[in-house]
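What the coordinates show
For reference, the chains in residue letters:
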Amino acid sequence: MFAAQIVALVGTGLATVALGLLAYDLAGERAALVLGSALTIKMVAYVVVGPVVGAVADRVPRRLLMVSADAVRAAVVLVLPWVSEVWQILVLVGVLQVASATFTPVFQSVIPDVVPGEQDYSRALSATQLASSAETVLSPLLAAAAVAVVGYSSLFVGTCVGFVFSAVLVASTAVPPVAGRAQGGFATRLFLGMRLFRAVPQLRGLLALDVVVAAVGVVSLVTTVNVVRDLLGGTESDVGLLLAVSGAGTAVAAMVSPRVARRLPLRTTMLAGAGLSCLAAGATLVLAWAPSWTTAAVAWALIGAGPGWIMVNTGRLLRTSAGPGQRPALFSAQFSLSHACWLVTYPLTGWLAVGAGWSVTWSVLAVLAVAALVVAALVWPTTGADLVRHRHDVDHAHVVAARPAAHGWTHAHRLVVDEQHPHGSIPV
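Anyway, here's the lowdown on the structure attached to this text.

1. Section: the side chain of Thr-102
- With respect to the helices and strands, Thr-102 occurs in helix α4 (residues 86–114).
- Side-chain polar atoms of Thr-102 contact the backbone oxygen of Val-98, separated by 3.2 Å.
- With sequence-adjacent residues up to four places away left out, Thr-102 is seen in contact with Val-49, Val-53, Leu-65 and Ala-69.

The structure is reproduced here in structure tokens:
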């Protein structure tokens, strides 16, 4: 599973660089607007498909879902080199991201079933985040080398190869079945994860942190091409190098996180990541006022480290907030809600970059990140996540869903129940 994630993400990273360069060829200085629109479509797919996947992932074999998604992604990227119009990019990106919205949350929900121990799971999350960093470190470096020799169209072929290898590896792996099933019909399961986010305080704090990640991370994903080519006067290969700097920041955060996790409360750890993200937002303002390669490198490294620090710890929080039967729904809800935040920042960044310039764009994003950090600190109780983690064994926690009766609902409340300590149940 880990090898499958690596090869798929490296291929995705190659496609990310190639898509940016393709957009620049088709739209020139308006490339940021094209990328922003393409990534907005991606986020719509993630927001809509995520809950559906969560509702069926405990009923359909997870290996089948992941292999099918990889097959669709491999087919789509083979078509991308032949597009000649912006609308064609947008349609293909939509299909590609529907498949990705199926693969990723299912993959994430498998990990806690493979490594149930707390420390083992923390290390596994660090490893998966390091694999994600390969998309922004190794892939841009490979892309820079490939572009210098054969052009960016060949990068789409590399992406296809990555997805095919990922499908083969997943198909040959014994993916464990879901330990339990969420109760209720399809509609009930569809919104189970959302109900958990609404009811559990630390999950509401996580949603605010998702806003921080989206407000800061979008700078790298949407504006790198124009920053390198227009603001700094760099080459196509330099685009990949600057993206690699951001990925290196994420990798460092992933490597350090397991050690910090053993020493600090989860709330403190994740809020520290949000603070680092706000520092990254401030660095982009310095870049807007005084453009230089040194400033850009520092800013992009911080952009990788801050959001990466939050994301590598997100799985730990989700794991402690639901039992095994609810994890597919909760992971899918996080996938959907976090990308709903990107759905706002992607078009916002693209439109502001074209119409108002870098200073205004990065100032708006910085204000948004700081405001979200404040909200997260206020809504996440100081004992929230740790109270849940220490008061009960999460492996015995489950959600008692309200069930429809002939004359309405039989229960007015839902509870996250600790079967070993029933008096410590947490209202949902």
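2. Quick notes on the nonpolar core
- In terms of nonpolar packing, the biggest core is built from 101 residues, with Met-66, Phe-197, Leu-203, Leu-209, Met-270, Trp-300 and Trp-362 touching the most fellow members.
- It is helix α10 (residues 201–231) that contributes the most residues to this core, 15 residues altogether.
- The contact partners of Leu-209, leaving out residues within four places of it in the chain, are Met-270, Leu-271, Ala-274, Ile-310, Ala-376 and Trp-380.

3. A look at the packing of aromatic side chains
- All chains considered together, the criterion is met by four aromatic pairs.
- Judged by centre distance (5.3 Å) and plane angle (35°), the ring pair of Trp-342 and Tyr-346 falls under tilted. Taken together, the residues span about one helical turn, with Trp-342 and Tyr-346 both in helix α14 (residues 327–355) at a distance of four residues. As far as the burial class goes, Trp-342 and Tyr-346 line up, both buried.
- Members of the aromatic cluster, each reached through a chain of ring pairs, are Trp-300, Trp-358 and Trp-362.

4. Comments concerning the packing of helix α13 (residues 293–319) against α14
- Close contact between α13 and α14 brings their axes to 10 Å; oriented N to C, the two are set at 140°. Judged on the interaxial angle alone, α14 and α13 are oblique. Like other packed secondary-structure pairs, α13 and α14 cross with a definite hand, here right-handed. Note on element contacts: α14 touches α13 through Arg-327, Leu-330, Phe-331 and Gln-334, opposite Thr-314, Gly-315, Leu-318 and Arg-319.
- By residue class, the composition of the contact of α13 with α14 is three nonpolar, three polar and two charged.

5. Re α14
- Over its 29 residues, α14 runs 42 Å from end to end, which matches the ideal 42 Å to within 8%, given 1.5 Å per residue.
- Gly-357 occupies a position one or two residues after α14 and carries a positive phi of about 95°.

6. Thoughts on the pattern of salt bridges
- In this structure the tally under the stated criterion is one salt bridge.
- Residues Asp-70 and Arg-73 are paired through a salt bridge, measuring 2.6 Å at the closest nitrogen-oxygen approach. With Asp-70 and Arg-73 both in helix α3 (residues 62–79) and three residues apart, this pair spans about one turn of that helix.
- Here Asp-70 falls in the buried class, since its relative accessible area comes to 0%.

The rules behind the values
Here the residue numbering is sequential within each chain, running from 1 through the sequence in written order. Note on the predicted model: pLDDT of at least 70 is required for a residue's local features to be given, and 80 or more for side-chain atom pairs to be given and counted; whole-chain, interface and lining totals, by contrast, use all residues. Each side-chain value is worked out from all heavy atoms of the structure, with water and hydrogens disregarded. Each helix is a run of DSSP H or I of at least 4 residues and each strand a run of E of at least 2, with the numbering of both proceeding from the N terminus. N or O atoms within 3.5 Å of each other form a polar contact, as long as, within protein, one can give a hydrogen and the other can take it, and as long as residues adjacent in sequence are counted only when both atoms are side-chain atoms. In this analysis, two residues are considered to be in contact whenever any of their non-hydrogen atoms come within 4.5 Å of each other. The nonpolar core is taken to be a set of buried Ala, Val, Leu, Ile, Met, Phe, Trp, Tyr and Cys residues, with the residues joined through side-chain atoms within 4.5 Å. The cut-offs for exposure are 20% and 50% of the maximum accessible area for each residue type, with area from a 1.4 Å probe on protein chains only; residues under the lower value are buried, those over the upper are exposed, and the others partly exposed. Pairs were defined over the aromatic rings of Phe, Tyr and Trp, the Trp ring being its six-membered one, requiring ring centres within 6.5 Å. Orientation was assigned from the angle between planes: stacked under 30 degrees, edge-to-face over 60, tilted for the rest. For every element, the axis is a line fit to its C-alpha atoms; helices are fit only across the contacting stretch, and the angle between N-to-C directions ranges from 0 to 180 degrees. Reported orientations rely on four angle classes, namely roughly parallel under 35 degrees, roughly antiparallel over 145, roughly perpendicular from 65 to 115, and oblique for the rest. Take the far helix as your reference; a near helix turned counterclockwise from it by less than a right angle gives a left-handed crossing, and one turned clockwise gives a right-handed crossing. Residue classes follow a fixed rule: Ala, Val, Leu, Ile, Met, Phe, Trp, Tyr, Cys and Pro count as nonpolar, while Asp, Glu, Lys and Arg count as charged, and any other residue, Gly among them, counts as polar. The span one expects for a helix is its residue count, reduced by one, times 1.5 Å. Each salt bridge in this description consists of a side-chain nitrogen of Lys or Arg and a carboxyl oxygen of Asp or Glu lying within 4 Å of one another.

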